[in-house]
Amino acid sequence: MRRVSVANAKVGMVLRRPVFDIRGYPVFEDGEKITADKLPLLARTGASEIVIDDPRVDDVPVGTLFPAYLEAKAVQALHVLNAGAGMGDGFSPAHLVGVRAAVNAMVQCLFPEAIGEPDLSGATVLEGYDYIHPVKVTAASLMIGRMVGMEEHDLVKLGLASMLENVGYHQLPPGILEKPGPLTEEERAYLEQHPVYSVEMLKNSSLDPEVLEAILHHHEQWSGRGYPGKLKGEQINRFARVIALGDAFHALVSKRPHRGPMKRHEALEFASAFSGDLFDPEFSALFARRLPIYPAGIGVRLSGGEIGIVSNPNLGHIARPVVRVCVENGRPVKEPYDLDLSEVQHMTKLIVEVVL
């Protein structure tokens, strides 16, 4: 299987992962062939990449930690939540039934063993971002939580906090979130109160106090420069310190009103560079080790001019995956072969470009 950017999708490609729209409803099924009439729909889904059949890497699985349909159900649950409560009324336990079900289903994917990586590909459209983003943050947060040994009941708390982190957006003045330019001081002050608004809207929802605290703290920074409380280090709720990483990463790889998306390796470098500043250094290190810079199925160009597809991300060897070389000297290789960049004899081979 191979990853392809939606911009480079072509008629006749066979999908190996379903694709859902911004509301969580299916557009393409697993195994479906892209046709001319449905090709334009891909761009409107907001997805940045698809997974397709490729005989050169038919033995390479591109699995995800959480099935696409579960993430789609979570997106649907957030839409229902949004529609089910008035802006000033807040949320009752009944409003959260769908969100709780979605989180529980995602947590169950982590047991008995967490296999695969979360799909943290960014959103390429602005519409629907506020529903897709919390689900991607939840996926990243649950991965880290499982890595640090959190039990199932704590993972559920972590998942709920991730999914509900931004419900306070309902209380912001119109236009702040969509503004393409810098915010005024007054607008920034409003934005920095959204964790407080979120907790206020959820105070009658019967959520565990630790979940509410995590929501309140999710924009605090390890250095103490975050908001709304300027908390520092371990003063910050442990769930919030996890959520901060997933929140920042997915925002960076997504299109936002004021900028385009970063590349995956750029966002991972950001997470590593600000370890101990914006982020808890322990969680930041785990995130960087567990989420490969070059995941299975992604196309890359090497410093020698070879073009290949990552057949094994080689977790533990940062930026040194196994690459299946498919093109040499500008010509297709008759029998593609694997090149392990972590081996000493290949130390001079560098990845110079991602080819999607």
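Residues numbered from 1 in each chain as written. Predicted model: local features only at pLDDT ≥ 70, side-chain atom pairs only at ≥ 80, totals over all residues. Heavy atoms only, no water.

Whenever I open this one, the layout of surface pockets confuses me. Can you help?
Which parts of space are left empty comes out when a probe the size of a water molecule is rolled across the atoms. The volume enclosed by the largest pocket comes to roughly 1500 Å³. When its residues are assigned to classes, the lining of the largest pocket shows 25 nonpolar, twelve polar and eleven charged. The space that makes up the second largest pocket amounts to roughly 580 Å³. Along the wall of the second largest pocket there are 24 residues; nearest its centre are Ser48, Met262, Lys263, Arg264 and Leu356. Partitioning the lining of the second largest pocket into residue classes produces 13 nonpolar, seven polar and four charged. (1 Å grid on protein atoms, 1.4 Å probe; cavity = no way out; pocket = protein on both sides within 12 Å on 5 of 7 lines; lining within 4 Å. Points joined across faces, edges and corners; volume = space filled by probe spheres on them. Nonpolar A, V, L, I, M, F, W, Y, C, P; charged D, E, K, R; others polar.)

Sorry if this is basic, but what is going on with the pairing of strand E4 (residues 49-52) here?
Along a regular strand, successive side chains alternate from one face of the sheet to the other. Side-chain alternation along E4 places Glu49 and Val51 on one buried face and Ile50 and Ile52 on a second face that is also buried. Of the strand pairs in this sheet, strand E1 (residues 2-5) and E4 are connected by four bridges, and their pairing is antiparallel. Note on E4: the bridge partner recorded for Ser5 is Glu49. (Buried < 20%, exposed > 50% of the residue type's maximum accessible area, 1.4 Å probe, protein only. Helix = DSSP H or I, 4+ residues; strand = E, 2+ residues; numbered from the N terminus. Pairing = 2+ DSSP bridges.)

Looking at this structure, I do not really get the nonpolar core. What am I missing?
Soluble globular proteins tend to pack their nonpolar side chains together in the buried interior. In this structure, Val99, Leu164, Leu202 and Phe287 are the most contacted members of the largest nonpolar core, which totals 70 residues. If sequence neighbours within four positions are ignored, Phe287 has contacts with Leu120, Ala140, Met143, Ile144, Leu245, Phe249, Leu268 and Ala271. Among the nonpolar cores identified, the runner-up in size contains twelve residues, and Val6, Ala9, Val19 and Val27 belong to it. (Core = buried A, V, L, I, M, F, W, Y, C linked by side-chain atoms within 4.5 Å. Contact = heavy atoms within 4.5 Å.)

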